[in-house]
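A structural walkthrough
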Amino acid sequence: MEEINKTAKVQFFFRPFSADPKVQAVIFVAFLAMYLTSLGGNALIAVTVQINHSLHTPMYFFLANLAALEILYTSSIAPLALANLLSMGRTPVSITGCGAQMFFFVFLGGADCVLLAVMAYDRLIAIRYPLRYTLLMSWPLCVELVVGSLVLGFLLSLPLTVLIFRLPFCTKSEIYHFYCDMPAVMRLACADTRVHQTALHVISFIVLSIPLSMIFVSYVSIVATVSRIRSAEGRRRACSTCSSHLSVVLLQYGCTSFIYLSPRSSYSPETGRVVSVVYTFITPILNPLIYSMRNEELKNALRRALSRFQVTSVLRGHVTRFGRRDVSKGATGRGSPFPLVPVLSLS
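Summarised in this report is the structure supplied together with it. Residue positions within a chain follow its written sequence, with the count starting from 1. Given that this is a predicted model, residues contribute local features only at a pLDDT of at least 70 and side-chain atom pairs are listed and counted only at 80 or more, while totals for whole chains, interfaces and linings are drawn from all residues. Hydrogen atoms and water are omitted, and side-chain values are computed over all heavy atoms in the structure.

Another aspect to go through is the overall build of the chain. When helices and strands are tallied, the chain shows 13 helices and three strands. The contact definition used throughout considers only heavy atoms, calling two residues in contact when any of these lie within 4.5 Å. Once local pairs closer than 6 in sequence are excluded, the contacts in the chain between residues at least 24 apart make up 78%. Residue burial considers only the protein chains on display, and all accessible areas are found by Shrake-Rupley using a 1.4 Å probe. Of the roughly 17900 Å² that the chain leaves accessible, carbon and sulfur atoms contribute 69%. Secondary structure is summarised from DSSP: a helix means a run of H or I of at least four residues, a strand means a run of E of at least two, and numbering begins at the N terminus for each.

Structure representation (structure tokens):
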């Protein structure tokens, strides 16, 4: 009971990247820019898919959900990381707050990994059975696959978070990281963590290897199907829809495998912190860039959405400007090059 009471009072602090406040300020600006870029890029993809009826297909439905997951995934880490960068690591985090951050990070990250496997399966069905694609990938099935990804992420995250935070923590409470990552937090426990390390490796293996095996099998079938397509244009279109997804898979699974499947003896806190920047800040930025650059349909839809936004902004600017001029010169509309009624009808 005394150990539990002591652990409940523990507060964590994150080790700064540098002891120099100027360097910390530069890193803060870089993290903030990456976070805002990630939010903007993924939100743009989600909104573009939503407002364009031509993109209301299973592939883009999964892509929009992936973008939403990336927003939540990054937002579970970035605010606290930014606050600690500004305070030079002096912002305390309660053990409850640290546990909540770990839970949401693992939950959303696990769902992200499973959803990438679902997207590979979707590409397989689209390429192998193009005539039956809409029948096989029905909307109820698509919704069930997304919900299933979230449920699996939740079921993997909850027991692991509870297991780690049942450990007693020592008075040394500085986490050698910029968020409550599992290996970094377990290093602060003043108890034997071999069982917890084993559980972490088993769950990490399940989260990473099983979806990755499904992706591998899907792409083997895709390659076999594409090799039988006779037209060069057909092969090019099939490859273009898969290359963007495969790039995201390599980034996501490569970094997370390096962190969570490496043996404890070879784990370096400094290297772990640097690699974590890649999959928590850089990968969510690259996802919308990769998909928008390599997918002509999405690229055109983004172009149309941006041009529509610019036209709307210009029209609103004209309405506001002429409306103010009309108010200042009277309700008759005199002095304005446009009649009063047509201008108001634009809004």
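Pairs of cysteine sulfur atoms within 2.5 Å are identified as disulfides in what follows. Applying the stated rule across the entire model yields one disulfide. Note that Cys 98 is cross-linked by a disulfide to Cys 180, the S-S spacing being 2.0 Å. Judged by the torsion about the S-S bond (-125°), the Cys 98/Cys 180 disulfide is left-handed. In this pair, Cys 98 sits in helix 5 (residues 95-128) while Cys 180 sits in the loop between strand 3 (174-175) and helix 8 (182-186), placing the two residues 82 residues apart along the sequence. Of the two residues, Cys 98 and Cys 180, neither departs from the other in class, the shared state being buried. To sort residues, take the accessible area from a 1.4 Å probe on protein chains only and compare it with the maximum for the residue type: under 20% means buried, over 50% means exposed, and anything in between is partly exposed.

The term salt bridge refers to a pairing of a side-chain nitrogen on Lys or Arg with a carboxyl oxygen on Asp or Glu at a separation within 4 Å. For the structure shown, the criterion picks out four salt bridges. For Arg 123, the salt bridge goes to Asp 122, with nearest N and O atoms at 3.1 Å. Summarising the burial analysis for this pair, Arg 123 and Asp 122 share the class buried. Salt-bridge contacts for Arg 194 lead to Asp 192; the nearest nitrogen and oxygen are separated by 2.8 Å. Under the relative-accessibility criterion, Arg 194 is labelled exposed at 61%. The partly exposed category is assigned to Asp 192, whose relative accessible area is 49%.

Take Pro 21: it is sitting in helix 2 (residues 21-51). Overall, Pro 21 belongs to the exposed group, its relative accessible area being 52%. Through-space distance from the C-alpha of Pro 21 to that of Leu 86 is 8.4 Å; in sequence the pair is 65 residues apart.

Take it as geometry only, folks, not as evidence of what the structure does.
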